[in-house]
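Working through the structure, step by step
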Amino acid sequence: MAEAGAATSRARTSEVRVRQEEYAGWRLSAPVMLLVIVLLIAPTIAVFGLSLTDAELGSSEWHFIGVSNYSDLAGDRTFRISIWNTARFVLLVAPASVALGLGLALLIESSVELKGFFRSAFFLPVVSLTVAMASVWQYLMHPTIGPINQMFRLVGLPAINWLSSSDWVLTGLAVIGIWQATGFAMVLFLAGLTAIDPQLYQAAEIDGAKSPLDRFRLVTWPMLGPTTLFVTTVTMINALKVFETVYTLTEGGPAKASEVLLWTIFKQGFTYLQIGSASAMAVVFIVVLLVLVVLQTRVLDRRVHYS
Amino acid sequence: MSAPPQISFRSVAKRYGATLALKSVSLDIAQGEFLALVGPSGCGKSTLLRILAGLESLDDGRISIAGQDVTARRAADRDVAMVFQSYALYPHLTARQNMAVPLVMRRMNAWQRLPFVGPMMPGRRAVDAKIADKVGSVADSLKIAALLDRKPGQMSGGQRQRVALGRAIVREPKAFLMDEPLSNLDAALRVHTRSEIVDLHRRLGATTVYVTHDQEEALSMADRVAVMKEGRLLQVATPRAIYDDPDHIEVAEFIGSPKINLAAADVGSDGVARLGPTVIADGLGDFHGSVLRVGFRPEHGRIGPQERPGDGEVAVSFSLTRLEFLGAGAIAHGTLATGESVELRVGHDFVPPADSRVFQLVLPIRQLMLFAPSGDRLRTGTSLAAPHAAEAMHG
Ligand SMILES: Nc1ncnc2c1ncn2[C@@H]1O[C@H](COP(=O)(O)OP(=O)(O)OP(=O)(O)O)[C@@H](O)[C@H]1O
Ligand SMILES: [Mg+2]
């Protein structure tokens, strides 16, 4: 009898404890959850809501118009150009900066002396203010006095109107984008490299992998799999978000040649004050980002983790 | 010892900053020999092995393998195989691919190894078939054929260990180097794998250097045991000689479980060493006034209330403090009249009488080992170890 009583009371206390822990868990995560809701989820829902209206900045009257903002987007030439340019920009910037970042990381990792210097030198673009750096690039890429074109002339190449010819402007912006993203990629790759078990390299050496290329293929590349995937995803997302350089250097021109998604959304919302259709563009943008993230976490992740 | 050694270290020294990891190590290992390198943690076993493999540079000395000086040769060109403590398998490759790596690297040229186009290169198909054959037969002999398509992450520690062994074996290298390959396995599997490695060595007859900090592993597996301490080789001998006839007190203490018992013995002005009142050695005039140490193994004494020393035996009084029953036998913990605590192996039937905890411990004098204050074994001027030393020489 007494024993049964003790058992139930023990069960009750443990139940109480579980409930208390649950309560504590909610309490501890509440501030973060609140921030996430206020700063991320609520604005996203609001944007989605606005995209279904004909809201205009400054006008107090707006109506629910269903998906007609989205169907308008399908026929919007500027938006199509914008998507096409953004895609080209991402495809220029992401592979190049991932490859350069990996190459630099390997180079730095192999030379002990210069490690410290290079680490900060190539990380500089990541921490420096893009808008400030953009004006430096404007000078570097200047058609007549810019050092890049002067060097081109020195070796007999024609000068290029990096930022003001519609043929080259996206490439010019991509160069700046690569310069920004490479340091970031490099730092992540450096971290990935230090996490590789040195015994694997020793095993590879003993197994007869003599050339650096053999060791790279047998150990480095496969072991960097998760890092490479992460770097690629983040670099692509960052490239998708290109805006500051366009805003300060080209304003989408000339002739929409550097019209990119965020710039188009910005103009639609804040120049033409069309909040409704700008929101629809933003939703498309968010969907593209989500697809990339899901692709990384769900599909590719399984291929690069080996346990 | 007339055949040239398969592996030879000549005055090998290695320094890490201020620490001398190896201090002039010289050692010859015969073709087909199984040598265990044993010693306390940090004594330099791994360093010596890694220097032999070519994974670590040396500061002084020379190394040769199969009669060739390999001191300046990189690891990949020394043709040795290594089994790492943590196995160091390639996690993205299956067991089959892991085992094939050393053959792919050595038997295929750079073109044949290229991704995508490699399989189309001339001769690749023939090499592939040979490698698959070899991997298959090694896997059969290690009983891991069923695991070949798993990746290391999907295998148990013991299975990974076998794959690592397989990767070493496929290549038929000049020597196998193993750095504590069993230390990540549980006790039962360790004992089992131990005998498998010995069998394997017998079958392949390959020279093996086996690093362990487990003296039992060293004694049970090796043809010869090298005991290291602080970067130096203390003794290299057969397991039997290491156990029965150690050269140094550190060797005697490191090898054997329970540990060897040590008691103090004074040397009188007559050059005679005594354990209590009993003379155990003479002719030690050089050590007059110093205290020597007498060692005896736990299994070498008899205790009992009625024990009396016979011819060539010495008796000391021993008071029992605790009897530790182990099943097949027991270990009697106690102290000698001279104060040292000792452990003795006693039989299963030993039951101490209820009224008395003090016994006579009778030790055969020829099984006592005498050590100088420096720790060196004293064999001169005694009648103690002479017969043993002689046996070891002929053995
Ligand atoms: N890379 C290194 N840098 C500096 N010191 C080292 C390095 N490797 C080993 N040492 C030192 O050299 C000595 C011998 O090390 P080693 O790894 O050979 O010991 P060990 O006998 O294998 O020990 P364990 O049984 O713990 O593996 C130790 O004092 C260790 O601290
Ligand atoms: Mg070690």
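Residues numbered from 1 in each chain as written. Chains lettered and ligands numbered in written order. Predicted model: local features only at pLDDT ≥ 70, side-chain atom pairs only at ≥ 80, totals over all residues. Heavy atoms only, no water.

**Quick notes on the overall build of chain B**
Scanning chain B for helices and strands turns up nine helices and 21 strands. Structurally, chain B occupies a C-alpha span of about 85 × 45 × 40 Å along its principal axes. When burial is assessed residue by residue, chain B has 51% of its 395 residues classed as buried. By sequence separation, contacts in chain B at least 24 residues apart represent 64% of the contacts at least 6 residues apart. When the accessible surface of chain B is totalled, it reaches about 17900 Å², and 52% of it is carbon and sulfur. (Helix = DSSP H or I, 4+ residues; strand = E, 2+ residues; numbered from the N terminus. Buried < 20%, exposed > 50% of the residue type's maximum accessible area, 1.4 Å probe, protein only. Contact = heavy atoms within 4.5 Å. Areas by Shrake-Rupley, 256 points an atom, 1.4 Å probe, with all protein chains shown as cover.)

**Here we look at the domain arrangement of chain B**
Residue and element names in this part refer to chain B. By the assigned domains, chain B splits into domain 1 (7-250) and domain 2 (260-394). The C-alpha centroid of domain 2 is placed 40 Å from the C-alpha centroid of domain 1. In this complex, domain 1 contributes nine residues to the contact, which on the side of domain 2 involves 14 residues. Taken together, the two surfaces of domain 1 and domain 2 that pack against each other cover about 1000 Å², and 50% of this comes from carbon and sulfur. Together, Tyr243, Asp245 and Ile249 form the three largest contributors to the area buried by domain 1 at its contact with domain 2, with a combined 55%. In this assembly, domain 1 and domain 2 are joined by three salt bridges. (Domains from an automatic or database assignment. Buried area = accessible area lost by both parts, 1.4 Å probe. Salt bridge = Lys/Arg side-chain N within 4 Å of Asp/Glu carboxyl O.)

**Quick look at the sheet that holds strand S3 (residues 34-38) of chain B**
All names here are of chain B. One open sheet accounts for six strands, arranged S6-S7-S8-S3-S9-S10; its pairing is mixed. Bordering the open sheet on either side are strand S6 (80-83) and strand S10 (232-237), each of which pairs with just one other strand. Mean inter-strand twist for the sheet, computed between neighbouring axes without regard to direction, equals 20°. Direction of pairing for strand S9 (residues 224-229) relative to S10: antiparallel, over a ladder of five bridges. Residue pairing for S10: Val225 is matched across the bridge by Ala237. This element, helix H1 (residues 45-53), spans S3, S6, strand S7 (175-179), strand S8 (207-212) and S9 of the sheet and lies at about 150° to S7. Of the strands in this sheet, S6 and S7 are in contact with helix H4 (residues 157-169), which crosses S6 at around 175°. (Pairing = 2+ DSSP bridges. Axes fitted to C-alpha atoms, helices over the stretch in contact; angles between N-to-C directions.)

**Looking at the site of ligand 1**
All names here are of chain B. Taken together, Tyr16, Ala21, Ser41, Gly42, Cys43, Gly44, Lys45, Ser46, Thr47 and Glu180 form the complete shell of residues around ligand 1. The contact in question runs from an oxygen atom of ligand 1 to an N or O atom on the side chain of Thr47, over 2.4 Å. Contacts to ligand 1 include Glu180, whose side-chain N or O atom sits 3.3 Å from an oxygen atom. Out of a free accessible area of 630 Å², ligand 1 has 57% covered by protein chains. The dominant element in the shell around ligand 1, judged by the number of residues it contributes, is H1, at three residues. Of the residues assigned to the shell around ligand 1, the class counts are three nonpolar, five polar and two charged. (Near = heavy atom within 4 Å. Polar contact = N/O pair within 3.5 Å; in protein donor to acceptor, adjacent residues only side chain to side chain. Nonpolar A, V, L, I, M, F, W, Y, C, P; charged D, E, K, R; others polar.)

**Considerations on the nonpolar core**
Nonpolar side chains tend to gather and get buried jointly when the protein is soluble and globular. Among the nonpolar cores identified, the biggest contains 54 residues, and Leu218 of chain A together with Phe9, Tyr90, Leu177 and Val209 of chain B are the most heavily contacted of them. For Leu218 of chain A, the residues in contact, after removing those within four places along its chain, are Ala204 and Ala209 of chain A together with Tyr90, His92, Leu93, Val101 and Met105 of chain B. (Core = buried A, V, L, I, M, F, W, Y, C linked by side-chain atoms within 4.5 Å.)

**What to know about the interface of chain A and chain B**
It is common to give the size of an interface as the accessible area that goes away when the parts come together. Listed by partner, the interface residues are 20 residues for chain A and 28 residues for chain B. Carbon and sulfur atoms supply 57% of the area buried between chain A and chain B, which totals about 2100 Å² over both sides. Taken together, the connections running from chain A to chain B amount to four salt bridges. Taking the shortest distance from any N to any O, the salt bridge between Arg167 of chain B and Asp207 of chain A comes out at 3.7 Å. Linking chain A with chain B are 15 residue pairs in polar contact (both at pLDDT 80 or more), by the criterion used here. Those elements that place two or more of their residues in the side of chain A that touches chain B are helix H8 (198-206) and helix H9 (212-223) of chain A. In terms of residue class, the side of chain A that touches chain B is made up of 10 nonpolar, four polar and six charged.

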